[in-house]
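This is what each chain is made of:
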Amino acid sequence: MTTTPDATTRDATERDAADSLAAFPNKFVRSPEVRAYLDGNSLGRPTTASAEQLASFVSEQWGGRLIRGWDESWYELPLTLGDRLGRTVLGAAPGQTFVGDSTTVVLYKLIRAALNARPDRSEIIIDTGNFPTNRYVVEGIAAELGKTLRWIDPPLDAGITADHLRAVLTENTALIMISHVAYRSGYLADMPGITALAHDAGALVLWDLCHSAGVVETQLDEWGVDLAAGCTYKYLNGGPGSPAYGYVRQEHIESMTQPIQGWMGSSTPFEMGPGYLPHHGIRRFISGTPSIIGALAMQDMLGLIEQAGIPAIRAKSVALTEYALELTDELLVPLGVAVSSPRDSRERGSHVTIDHESFASVNAALWKQGIIPDFRRPHGIRLGLSPLSTTFAEVQLGIEAIHAELAN
Ligand SMILES: *Cc1c(COP(=O)(O)O)cnc(C)c1O
């Protein structure tokens, strides 16, 4: 918040030395060519454990067990891993979380399931600041089923609040689709408050956790959440294209149906029988054969998250984003850079977006130097700070490099 013109207080070295999670950055693969990785919220770094596990999986699990692997553990993995995600990062008791498909497909299934459960209601609430896939999927479903979209247009540097929702919620609202942490601004929405508000109006809520799971405290069971989905390649470090997860609250599972009726979610997958009947329990939300290889790396990251604990991870996340804002105020704001993320850490996830009209070329110049943030249209640089792998030194290097580019 305050500017610190003194170059010594600006220095990251002491902050890294005092970090209670200082042992963790070295548990990730760190290529010397990458000097600062500031995009762990688009694709997390691999853990060093994953580097070994992926190789041994081929020779030992796949190569050694072959088809027997399905009976031994793979068939149950979408649910056992779902339970572990529930325990470690989601605040969800067992039997409500599954792993599989891409986020886009899981969103499609859960939105359709929610609308099936509210057949007499015709409206879906979503915001223009939501991630493209979320908006596109909802648009497609609305066209398919003849539903109406109610759009909220949040400010560029914030997100959806209870007040926004009060203005559009009616007895016709079937579903609210909202991101826990907004992908551009980093705004952290009030999950318990908004969920309660929706329930007062008889609506369901589907929370997208892509930018929050693993870095922000999430208590799906306690906060009354109906449905949630998220990806595993951002802060859960599952690797490119690792499968997504979905959460369905216990009380909804047996009454909800999803539209992609596949054999792996049917009542008797191996009887190859004539008609589809959904399996009892959360398995009914699975469609086809799960990606076992894709689910390997996230398990190593979950191990690290379990060691560190979400409270310590969140504390480091807040310290990293506060530091990024301090440096931005000191070095970049005087050069015309605007902060497009919340200033209050209680309303912020683990990334900070800053805007300047020359950031498209600045970002390209940084990438050439091995400094890797993310560019977000129209002219934002997004600094994604993954608490277990990002050091304060990386934050300092990144922001000083942006300063140098702008200054010349
Ligand atoms: C990253 C992200 C996605 C990605 O969807 P995929 O199907 O995994 O490509 C979807 N929604 C949000 C909010 C995201 O941040």
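Owing to the predicted nature of the structure, the values given are computational and were not obtained by experimental measurement.

Enquirer: How would you sum up the confidence of the model for the chain? Please name residues and give values.
Expert: Averaged over the chain, the pLDDT score is 96; the fraction of residues at 70 or greater is 98%. Scored below 50 in pLDDT, residues 1-5 makes 10 contacts in the model with residues more than four places away or belonging to other chains.

Enquirer: Got a sec to walk through the sheet that holds strand β4 (residues 148-152)? Specific residues and values, please.
Expert: An order of β2-β8-β7-β6-β5-β3-β4 is seen for the seven strands of this open sheet, with the pairing classed as mixed. Only two strands of the sheet have a single neighbouring strand rather than two, namely β2 (97-99) and β4. Recorded for the sheet is a direction-independent mean angle of 20° between the axes of neighbouring strands. Across the sheet, helix α5 (residues 77-90) is in contact with β2 and β8 (245-248); its angle to β2 comes to roughly 120°.

Enquirer: Can you lay out the domain arrangement of the chain for me, pointing to particular residues and giving the numbers?
Expert: As far as domains go, the chain holds domain 1 (7-47 + 309-407) and domain 2 (75-305). Centre-to-centre separation of domain 1 and domain 2, based on C-alpha positions: 28 Å. The interface of domain 1 with domain 2 comprises 37 residues on the first partner and 27 residues on the second. Of the roughly 2400 Å² buried where domain 1 meets domain 2, counting both sides, 58% is carbon and sulfur surface. On the domain 1 side of the contact with domain 2, Thr 47, Ile 310 and His 351 bury the most area, a combined 20% of that side's loss. With a shortest N-O distance of 3.0 Å, Asp 355 and Arg 184 are connected by a salt bridge. Taken together, domain 1 and domain 2 are joined by 17 residue pairs in polar contact (both at pLDDT 80 or more). Only α12 (310-332), β10 (351-355) and β13 (380-384) provide two or more residues apiece to the side of domain 1 that touches domain 2. A total of four residues in the side of domain 1 that touches domain 2 trace back to one element, the largest contributor, which is α12. Looking at the side of domain 1 that touches domain 2, its residues break down into 11 nonpolar, 16 polar and 10 charged.

Enquirer: Could you give me a rundown of the environment of Val 138, with the residues and numbers involved?
Expert: Within the fold, Val 138 resides in helix α7 (residues 132-145). In the structure, Val 138 is positioned 117 residues away from Leu 21 in sequence and 39 Å away in space, judged by C-alpha atoms. If we skip the residues at most four places from it in the chain, Val 138 touches Ile 111, Ile 124, Ile 126, Leu 149 and Met 177.

Enquirer: Give me the lowdown on the packing of α12 against helix α14 (residues 392-407), citing residues and values where you can.
Expert: The packing of two helices is summarised by the inter-axis angle and the distance between the axes. The geometry of α12 relative to α14 is characterised by a closest axis approach of 10 Å and an angle of 20° between their N-to-C directions. What the angle tells us is that α12 and α14 run roughly parallel. The chirality of how α12 crosses α14 is right-handed. In contact with Lys 316, Ala 319, Leu 320, Tyr 323, Ala 324, Leu 327, Thr 328, Leu 331 and Leu 332 of α12, α14 contributes Phe 392, Val 395, Gln 396, Ile 399, Glu 400, Ile 402, His 403 and Leu 406. Among the residues making up the contact of α12 with α14, the classes are represented as 12 nonpolar, three polar and two charged.

Enquirer: Give a detailed account of the nonpolar core, specifying residues and quantitative values.
Expert: Core analysis: the largest hydrophobic core is formed by 51 residues, its most contacted members being Leu 90, Leu 165, Trp 207, Leu 209 and Leu 388. When residues of this core are traced back to their parent elements, those giving at least two are α5, α8 (162-168), β5 (173-179), α9 (191-200), β6 (204-208), β8, α11 (296-308) and α12. Ranked by residue count, the leading element in this core is α11, at seven residues. The two domains that each donate at least three residues to this core are domain 1 (7-47 + 309-407) and domain 2 (75-305). Not counting the four nearest positions on each side in its chain, Trp 207 is found in contact with Ile 178, Ser 179, His 180, Ala 189, Asp 190, Met 191, Ile 194, Thr 195, Val 225, Leu 227, Ala 228 and Ala 229.

Enquirer: Quick one: what's the story with the site of the ligand, residue by residue and with numbers?
Expert: Taken together, the residues surrounding the ligand are Ser 102, Thr 103, Thr 104, Phe 131, Thr 133, Asn 134, Ser 179, Asp 208, Cys 210, His 211, Tyr 233 and Lys 234. Taking Asp 208, its side chain carries an N or O atom lying 3.2 Å from a nitrogen atom of the ligand. Here the ligand, which alone exposes 390 Å², has 87% of that area covered by the protein. Among the elements of the structure, α6 (103-117) and α7 are those that each provide at least two residues to the shell around the ligand. Looking at the shell around the ligand, its residues break down into three nonpolar, seven polar and two charged.

Enquirer: Pulling in residues and values, what's your account of the pairing of β8?
Expert: Side-chain alternation along β8 places Tyr 245 and Tyr 247 on one buried face and Gly 246 and Val 248 on a second face that is also buried. Where β2 meets β8, three bridges bridge the pair, whose relative direction is antiparallel. Of the residues in β8, the one forming a bridge with Thr 97 is Tyr 247. As defined by bridge partners, strand β7 (residues 227-230) adjoins β8 across four bridges and the pair is classed as antiparallel. Bridge pairing in β8 links Ala 229 to Gly 246.

About the cut-offs
Residues numbered from 1 in each chain as written. Predicted model: local features only at pLDDT ≥ 70, side-chain atom pairs only at ≥ 80, totals over all residues. Heavy atoms only, no water. pLDDT = per-residue confidence, 0-100. Contact = heavy atoms within 4.5 Å. Pairing = 2+ DSSP bridges. Helix = DSSP H or I, 4+ residues; strand = E, 2+ residues; numbered from the N terminus. Axes fitted to C-alpha atoms, helices over the stretch in contact; angles between N-to-C directions. Domains from an automatic or database assignment. Buried area = accessible area lost by both parts, 1.4 Å probe. Salt bridge = Lys/Arg side-chain N within 4 Å of Asp/Glu carboxyl O. Polar contact = N/O pair within 3.5 Å; in protein donor to acceptor, adjacent residues only side chain to side chain. Nonpolar A, V, L, I, M, F, W, Y, C, P; charged D, E, K, R; others polar. Parallel < 35°, antiparallel > 145°, perpendicular 65-115°, else oblique. Left-handed = near helix turned anticlockwise from the far one by under 90°. Core = buried A, V, L, I, M, F, W, Y, C linked by side-chain atoms within 4.5 Å. Buried < 20%, exposed > 50% of the residue type's maximum accessible area, 1.4 Å probe, protein only. Near = heavy atom within 4 Å. Areas by Shrake-Rupley, 256 points an atom, 1.4 Å probe, with all protein chains shown as cover.

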